[in-house]
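What follows is each chain in one-letter form.
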Amino acid sequence: MSRPTPLRDVHESLGATLTDFAGWLMPLRYGSESAEHNAVRQAAGLFDLSHMGEIFLTGPQAGQALDYALVGHLSALTPGRARYTMIVNGQGGVLDDLIVYRLGDEEFMVVANASNYEKVGNELKERAKAYNVVVDDRSDQYALIAVQGPRSQEILATLTGADLDGLKYYAGLPSVVDGRQALIARTGYTGEDGFELFVANEDAAPLWHALMAAGEPYGIKPAGLSSRDTLRLEAGMPLYGNELSVELTPFDAGLGRVVKFDKPGDFVGRSALEAVKDDPPRRRLVGLVARGRRVPRHGYPVTKDGAVVGEVTSGAPSQTLGKPIAMAYVDTGVEEGLAVDIRGSQEPMDLVELPFYRRKK
Amino acid sequence: MSNIPDELSYTKEHEWVAGLDDGLTVTVGITAYAAEALGDVVYVQLPDVGSNVEGGDSVGEVESTKSVSEIYSPVGGEIVEINQAVADDPSLVNSDPYGEGWMFRVRVEGDPRDLLSAEEYAGLTSGES
């Protein structure tokens, strides 16, 4: 039985197709997923992301505890700012990718994927034991609503007096939206400008309705997980379970820059990651653009002259490019003459560097 | 509850079959239920005109944003026509699954497989949704 979010009734009243995702009952789409995708690229889309986990670390050693528990240098983060980082195991395998917000000198919020947050919460509690910090998984108390797209700021500005102009990318600001307490974060997973609003569960539905009403003149649409996936794919953003897994280190995923060896002290995975950081990668994460119309999908082999040289991690038809696209791990140095084995037929692909789509500033 | 026209026959693979009564040529497409489950259809691969198929053969595929499904011929015979319009504009499958979104026509040879009535198909889909 999938868990509903606080917005389940809202989704049902909008006629959403609901699907199980990581144990949660989530909106897959409300109508046409292509129209939802295009609304986010051209105007704005509204997402329910209440399945994400929110784990708070509070105390004088919260920063040091995170420096030990994660690969990033979180104690160096300025209050009000956020970082993309990862939690790895002792072998350097990725347990989850995270966004960490520093809410104050002694308070951090770790946002984890729905599929992983219980594991992340337990790991953080274990790893923080030696530090003067309280680890509190408040995922059940918070809803998360994202408004994403080029018109997001104009829409949100009608509901809050917060200084949105002053809110940088990867920053978070406790404020009031439509009369409700909210943490406004300028983050997202779509490749567009946008905001993520962390609110108490009971405020989620009224805030959703307020954002829909405020966004209506701008062309806002409710957007489901299907469009979220195609948007993040075009933006070249990794998804845990597809591009990231416990079998891969951050270096394998081409994201070694998130590992901060120069921070003080030990951290979980340090010695394992130091041992591999200069190894030439066997495979690298690249983009593939199909020449034909059949869609490469997760798990399909990448081939060259009939030999397997890689594997697709995510694939979908791209609205923006008008062609099927994919992310794939492909053997280093193999760049020409690629194909994807789509159910037995070798469909030609062109290798491109990620991302497929970058918004105009 | 999606639209299930009474005058059509259906398969368990969520296809509809029209024209069975005259026994010569049938038209095949996918149901509104299937189109809704797939989401936006982006690609339809249809069989070659002139090919001979057995009832139940996979003859093509329908791709949407999230998934891909095979198309089966519900009857044995020769493929005599395909809907080029749906190959060119796969969104017709979503906008008009029983009309402009038709997929191919088969000249029936031998007895068709067991097909479902509208009522039987409605029972099948209510069990799945």
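Definitions and cut-offs
- The written sequence of each chain sets the order in which its residues are numbered from 1.
- Here chains are named by letter from A upward and ligands by number from 1 upward, in the order in which they appear as written.
- With the structure being a predicted model, the display of local features is reserved for residues of pLDDT at least 70 and the display and counting of side-chain atom pairs for 80 or more, all residues being used for whole-chain, interface and lining totals.
- Side-chain metrics in this entry use all non-hydrogen atoms of the structure; hydrogen atoms and water are not considered.
- Think of it this way: any DSSP run of H or I at least four residues long counts as a helix, any run of E at least two long counts as a strand, and we number them from the N terminus.
- Any residue under 20% of the maximum accessible area for its type is buried, any over 50% is exposed, and the rest in between are partly exposed; the area is computed with a 1.4 Å probe on protein chains only.
- Pairing between two strands requires that DSSP report at least two bridges joining them.
- Each domain span listed reflects an automatic or database assignment of domains.
- Defined here as a combined quantity, buried area equals the accessible surface (1.4 Å probe) lost by two parts on assembly, summed across both.
- A pairing counts as a salt bridge when a side-chain nitrogen of Lys or Arg comes within 4 Å of a carboxyl oxygen of Asp or Glu.
- Two N or O atoms form a polar contact when they lie within 3.5 Å of each other; inside protein one atom must be a possible hydrogen donor and the other a possible acceptor, and for residues adjacent in sequence the pair counts only when both atoms belong to side chains.
- Polar here means any residue outside two lists: the nonpolar Ala, Val, Leu, Ile, Met, Phe, Trp, Tyr, Cys and Pro, and the charged Asp, Glu, Lys and Arg; Gly therefore counts as polar.
- UniProt positions are given in the numbering used here, feature names are shortened, and annotations may be inferred rather than shown by experiment.
- Residue contacts are defined here by distance: any two heavy atoms, one from each residue, within 4.5 Å place the two residues in contact.
- Think of a 1 Å grid over the protein atoms and nothing else: a 1.4 Å probe that fits but is trapped marks a cavity, an open set flanked by protein within 12 Å on at least five of seven lines marks a pocket, and residues with an atom within 4 Å of a point count as lining.
- Grid points are joined across faces, edges and corners, and a volume is the space filled by probe spheres set on the points.

So, on to unusual backbone geometry. Residue Pro355(A) follows Leu354(A) across a cis peptide bond; omega there is 0°. Locating Pro355(A) in the fold gives a position in the segment after strand E20 (345–352). Of note in the backbone geometry, Ala22(A) takes a positive phi value of approximately 55° without being a glycine. Residue placement: Ala22(A) occurs in the loop between strand E2 (17–21) and strand E3 (24–29). The exposure class of Ala22(A) is partly exposed, given its relative accessible area of 37%. Positive phi outside glycine occurs at His14(B), with the angle close to 65°. Within the secondary structure, His14(B) sits in the loop between strand E1 (9–10) and strand E2 (15–18). Taking relative accessible area as the criterion, His14(B) reaches 13% and is therefore assigned buried.

What follows deals with the sheet that holds E3(A). Residues and elements named next belong to chain A. Taken in spatial order, the 3 strands of this open sheet run E1-E3-E2, and their pairing is mixed. Where the open sheet ends on each side, the last strands, each with one partner, are strand E1 (3–4) and E2. Here E1 runs beside E3; their pairing, made up of 2 bridges, is parallel. Paired with arginine 3 across the two strands is tryptophan 24, which belongs to E3.

Below, the discussion takes up the domain arrangement of chain A. All names here are of chain A. Domain annotation for chain A reports domain 1 (1–279) and domain 2 (281–361). Taking only C-alpha atoms into account, the centre of domain 1 sits 27 Å from that of domain 2. Across the domain 1 to domain 2 interface the summed buried area is about 1700 Å²; carbon plus sulfur atoms make up 55%. The largest contributions to the domain 1 side of the interface with domain 2 come from Leu233, Glu234 and Glu243, which together make up 37% of the buried area. Where domain 1 meets domain 2, there are 0 salt bridges. Connecting domain 1 to domain 2 are 13 residue pairs in polar contact (both at pLDDT 80 or more). Going through the elements one at a time, helix H2 (33–42) and helix H7 (225–234) are the ones with two or more residues in the side of domain 1 that touches domain 2. When its residues are assigned to classes, the side of domain 1 that touches domain 2 shows 5 nonpolar, 8 polar and 8 charged.

Moving on: the UniProt feature "modified residue: N6-lipoyllysine" (unreviewed entry) in chain B. Those places that UniProt annotates as "modified residue: N6-lipoyllysine" (unreviewed entry) correspond, in this numbering, to Lys66(B). As for its placement among the helices and strands, Lys66(B) is situated in the loop between strand E6 (58–64) and strand E7 (68–72). Given the relative accessible area of 37%, Lys66(B) is considered partly exposed. Those residues in contact with Lys66(B) that sit more than four places away from it in its chain are Leu28(A), Glu33(A), Ser226(A), Asp229(A) and Arg297(A).

Okay, the pattern of salt bridges next. On inspection of all chains with the given rule, the structure shows 28 salt bridges over all chains. Close ionic contact of Asp203(A) with Arg180(A) constitutes a salt bridge, the shortest N to O distance being 3.5 Å. Taken together, the residues span a long stretch of sequence, with Asp203(A) in helix H6 (residues 201–215) and Arg180(A) in strand E12 (residues 180–185) at a distance of 23 residues. On the basis of relative accessibility, which here comes to 22%, the residue Arg180(A) falls in the partly exposed class. When the shortest N-O distance is used, the salt bridge between Glu347(A) and Arg294(A) registers 3.0 Å. Here Glu347(A) is found in strand E20, whereas its partner Arg294(A) is found in the loop between strand E15 (283–290) and strand E16 (301–304), with 53 residues between them in sequence. Here the salt bridges do not stand alone but share partners, grouping Arg294(A), Arg297(A), Arg343(A), Glu347(A), Glu61(B) and Glu63(B) into one network.

Right, let's talk about empty space enclosed by the protein for a bit. Vacant regions in the atomic arrangement are exposed by a probe of water-molecule size rolled over the atoms. Following the criterion strictly, the structure yields 1 cavity of 30 Å³ or more and no others. Considered as a void within the structure, the largest cavity measures approximately 40 Å³ in volume. Along its surface, the largest cavity is lined by Glu33(A), Ser34(A), His37(A), Ser226(A), Ser227(A), Thr230(A), Pro317(A), Gln319(A) and Thr65(B). Among the secondary structure elements, those contributing two or more residues to the lining of the largest cavity are H2 and H7 of chain A.

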